[in-house]
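What the coordinates show
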Amino acid sequence: MRVSVQTDDLNMLKEAVESDCHAVRFGPEFCEWKIPSLDLLKEAYELVVGEGKGFIYTTPFVSNSGIERVREHLTLLNQKGRIDVVINDLGTFNIIGNYPNLRPRLGRQLVFIPARCPWKEITQTPVGFFERRHLERIFYQTSLNYTPTIRFYQKHGVEDVDVDWIPQSFPYYDSLIKHGFNLSMHLQLIPVTVTRRCHMARFLGERSPESCTKPCNSQAFMLKNNLLKVELFLNGNVIFRLTEMTQRDTEHLRKRAAEFIISMNPAVKMNSRTRINALIKDLNS
Amino acid sequence: MIESPSKNLEKRTPKLISPIRSFEGVVRVINAGADKVYCGVRMPEMGHFVLYRGSYAEIPTYDELGRVVKYAHDHGVEVLLTVNNPFMADIMDGVTRRHIRLCVDRGVDGLIIGDLGILSLVRDMGVDVQLYASTYFTSMNYEAVNFLGNLGFDHAILERHMTIGEISEIVQRSKIGVEVFVHGAGCSNINGKCYLFHFHYPALDRSVKGFCNPCNLPFEVYDVNDKEKMLENIPAMDALTGCSLCLLPDLIGTGVEGFKIVGRDAPTALQENITRLYRELIDLITCGQIEAFWERVESTKRTFMAVPPSIFTLQERLCEEKRCYYSPLFHTPYRIPLSLSAWTKLQFSSIMVEE
């Protein structure tokens, strides 16, 4: 079982490469305005590879201008050799085939999992035991638990998929493994919703995406609503919920997941090699 | 080189695509000027599985769909079926296949699909109808739209969090037809990547000014480093947009093929009124009566009740907070002070809710 660290910030990447992780995923998962410059990407790649760790490039969902930047980056990385690219946008998926050295991985934003929903109940209507069982069997599935969808992605070279730590969905993840996918399991934070009208930037009075000072690199907020009975976390243009990682679940996944992913995110104060190593130790204990 | 939107103004008139949920609805929106209608149909086997809309937003039976299609076709209007699920799993294959077959047999002209699995299923069924890629695909760039075109889609409906310039570029660099939403609750978040499902909690009935999605509710905001001290209690996620009347000339200029109105769950009267309004305004623009267009827009803002029986006009509910579709991405509507008239009405409506 490998452990990767996900970050889009060079300072955090420096902490990650010094940690006990096996690979670093570099690049934003959610925000196209955090796509690094070409020079920064080169520097990040050299740093990671120089430390003998695996380099994985992460891409977000993107607009027209974003896809051009991603294209430029893919061209560069394709010259470096065989590299995995996490894809969260169908446009990026469309062009990845032009780069024979790059291997597509399906990012979380291309895998629909209803159970990312933060509400306690999965239906508003009081239902009986059998009806509830039926609903649960649908609700905890993923969009990959459909044979033609699996065939489609495998035909396009996808072998690895990113999923979230949602214990009720584990049986359906097992089915993906049986179909030949390698599972990359995100720890701690589950994305509940994302926006292009960045909630954090608007809350803090940022003027425009182009001039954004990226406060999300160091800040996060907790959002509480007592009527909805939820606690959520705001970081950048994403709203997360926290997931509880029990010992039992960890053991279950250690045998099944190909990769655990630790996101360097201020919402969980994951900002140093010490914290990364502590979490890796917990996973292995 | 990307053409400016105005150069496309005379290229084509976008089709107006209205939501319906009943036979009465199709009669009224066609009478109001819809070019196409779209609808869902209740799937009996999935009764309690609700993600975004309750079954009240859907045509209740396949027979009623048959009557809707007959009426629409008699009036030269196409009917598009929204295949409701944003995902597909093996256990849903049988019921979805049966559902699509029953709807296609009733004569629908197109399917709005939001998942690659459902697309595979439809192609496997050999169904011969137009295919529309839903906003669930989050199409925000021309490569994504062309990818969907290569898979067999005839049209793509774009994500709402975009600018006019981005839409225009996609239209010019895409191989398939492009459609956009123009009116109704434009989500605060990316439609296809949002899991704040619209279960009908009592809380949602109490949100401000008739907005009733979870993202419009106030949240207590805390710094994660100090969870004792509340910073604010505000609708921190609220970036909802709702209208594009003022943008219509620019949107037509982008060359999009269709304007879609949100609201399968809206009251029939609202579906009809919005359709009539947009029909009139599109016609004024395409006939070159720009001055009359702007006069009509201004009068509409002051008099149009945004959500009957809402007490707010369009001006009070949307314009004052600049809740325009395709507006600057970092605009913060909840920071804009309410006008005196809106504030007064809000106090009045709060009393009504409490009672």
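Every value quoted in this text rests on a predicted model; they were computed, and no experiment measured them. (Residues numbered from 1 in each chain as written. Chains lettered and ligands numbered in written order. Predicted model: local features only at pLDDT ≥ 70, side-chain atom pairs only at ≥ 80, totals over all residues.)

**Overview of the overall build of chain A**
The helix and strand inventory of chain A stands at ten helices and twelve strands. The C-alpha radius of gyration of chain A comes to 19 Å, within 12% of the 19 Å expected for a compact globule of 285 residues. Taken along its principal axes, the extent of the C-alpha atoms in chain A is 60 × 45 × 40 Å. Sorting the 285 residues of chain A into buried and exposed places 51% on the buried side. Long-range contacts, defined as pairs at least 24 residues apart, comprise 65% of the intrachain contacts of chain A with a sequence gap of at least 6. (Helix = DSSP H or I, 4+ residues; strand = E, 2+ residues; numbered from the N terminus. Rg over C-alpha atoms; globule rule 2.2 N^0.38 Å. Buried ≥ 20, exposed ≤ 12 C-beta atoms within 10 Å, placed from the backbone. Contact = placed C-beta atoms within 7 Å.)

**A short note on the overall build of chain B**
When its secondary structure is counted, chain B shows eleven helices and ten strands. A total of 355 residues make up chain B; the buried ones form 48% of that total.

**Focus: the packing of helix 1 (residues 10-17) of chain A against helix 2 (residues 38-50) of chain A**
Residues and elements named next belong to chain A. At their nearest, the axes of helix 1 and helix 2 sit 10 Å apart, and the two run at 10 degrees to each other. In terms of orientation, helix 1 and helix 2 fall into the roughly parallel class. Contacts from Leu 10, Leu 13, Lys 14 and Val 17 of helix 1 reach helix 2 at Leu 40, Glu 43, Ala 44, Leu 47 and Val 48. Of the residues belonging to the contact of helix 1 with helix 2, the class tally is seven nonpolar, no polar and two charged. (Axes fitted to C-alpha atoms, helices over the stretch in contact; angles between N-to-C directions. Parallel < 35°, antiparallel > 145°, perpendicular 65-115°, else oblique. Nonpolar A, V, L, I, M, F, W, Y, C, P; charged D, E, K, R; others polar.)

**Regarding the interface of chain A and chain B**
Facing 63 residues of chain A, the contacting portion of chain B comprises 59 residues. Those elements that place two or more of their residues in the side of chain A that touches chain B are helix 3 (64-80), helix 4 (90-96), helix 5 (129-139), helix 6 (147-155), strand 8 (189-194), helix 8 (199-203), strand 9 (221-225) and strand 10 (230-235) of chain A. Among the residues forming the side of chain A that touches chain B, the class breakdown is 33 nonpolar, 19 polar and eleven charged. In the sheet, strand 9 of chain A pairs with strand 8 (residues 219-223) of chain B via four bridges, with the strands oriented antiparallel. By the bridge assignment, A:Phe221 is partnered in strand 8 of chain B with B:Asp223. (Pairing = 2+ DSSP bridges.)

**Focus on the sheet that holds strand 3 (residues 54-58) of chain A**
Residues and elements named next belong to chain A. Pairing is parallel around the closed barrel formed by eight strands, whose spatial order is 1-2-3-4-5-6-7-12. Looking at each pair of strands side by side, their axes are set apart by 30 degrees on average, direction ignored. Both strand 1 (residues 2-7) and strand 12 (residues 259-263) contribute to a ladder of five bridges, which runs parallel. Considered in strand 12, the bridge of Ser 4 is made with Ile 261.

**Re the nonpolar core**
Taken as a class, soluble globular proteins show a tendency for nonpolar side chains to be buried jointly. The biggest cluster of nonpolar side chains holds 177 residues, and the ones touching the most others in it are B:Val37 and B:Ile113. Once residues within four sequence positions are removed from consideration, B:Ile113 is found in contact with B:Val83, B:Ile118, B:Leu119, B:Val122, B:Leu131, B:Tyr132, B:Ala133 and B:Ser134. (Core = buried A, V, L, I, M, F, W, Y, C linked by C-beta atoms within 7 Å.)

**Section: the pairing of strand 3 (residues 78-82) of chain B**
Residues and elements named next belong to chain B. Of all the five residues making up strand 3, four are buried; the element is thus mostly covered by neighbouring parts of the structure. Alignment of strand 2 (residues 36-39) against strand 3, held across four bridges, turns out to be parallel. In the sheet register, Val 37 faces strand 3, and the bridge partner there is Val 79. In terms of strand pairing, strand 3 meets strand 4 (residues 110-113) through three bridges, oriented parallel. Residue Leu 81 lies in a different strand from strand 4, and its bridge partner there is Leu 111. Read as a crossover between parallel neighbours, the route from strand 3 over helix 3 (residues 93-105) to strand 4 is right-handed. (Right-handed = clockwise from strand over helix to strand, strands pointing away.)

**With respect to the pairing of strand 1 (residues 15-19) of chain B**
Of all five residues in strand 1 of chain B, four are buried; the element is thus mostly enclosed. With respect to chirality, the unit in which strand 1 of chain B leads through helix 1 (residues 23-32) of chain B into the neighbouring parallel strand 2 of chain B is right-handed.

**Focus: the packing of helix 1 of chain B against helix 8 (residues 268-286) of chain B**
Residue and element names in this part refer to chain B. Put simply, helix 1 and helix 8 touch, their axes get as near as 8 Å, and they point 15 degrees apart. Judged by the angle between their axes, helix 1 and helix 8 are roughly parallel. Every pair of crossing elements has a handedness; the one defined by helix 1 and helix 8 is right-handed. Between helix 1, through Glu 24, Gly 25, Arg 28, Val 29 and Ala 32, and helix 8, the contact on the second element is made entirely by Thr 268, Gln 271, Glu 272, Thr 275, Arg 276 and Arg 279. (Left-handed = near helix turned anticlockwise from the far one by under 90°.)

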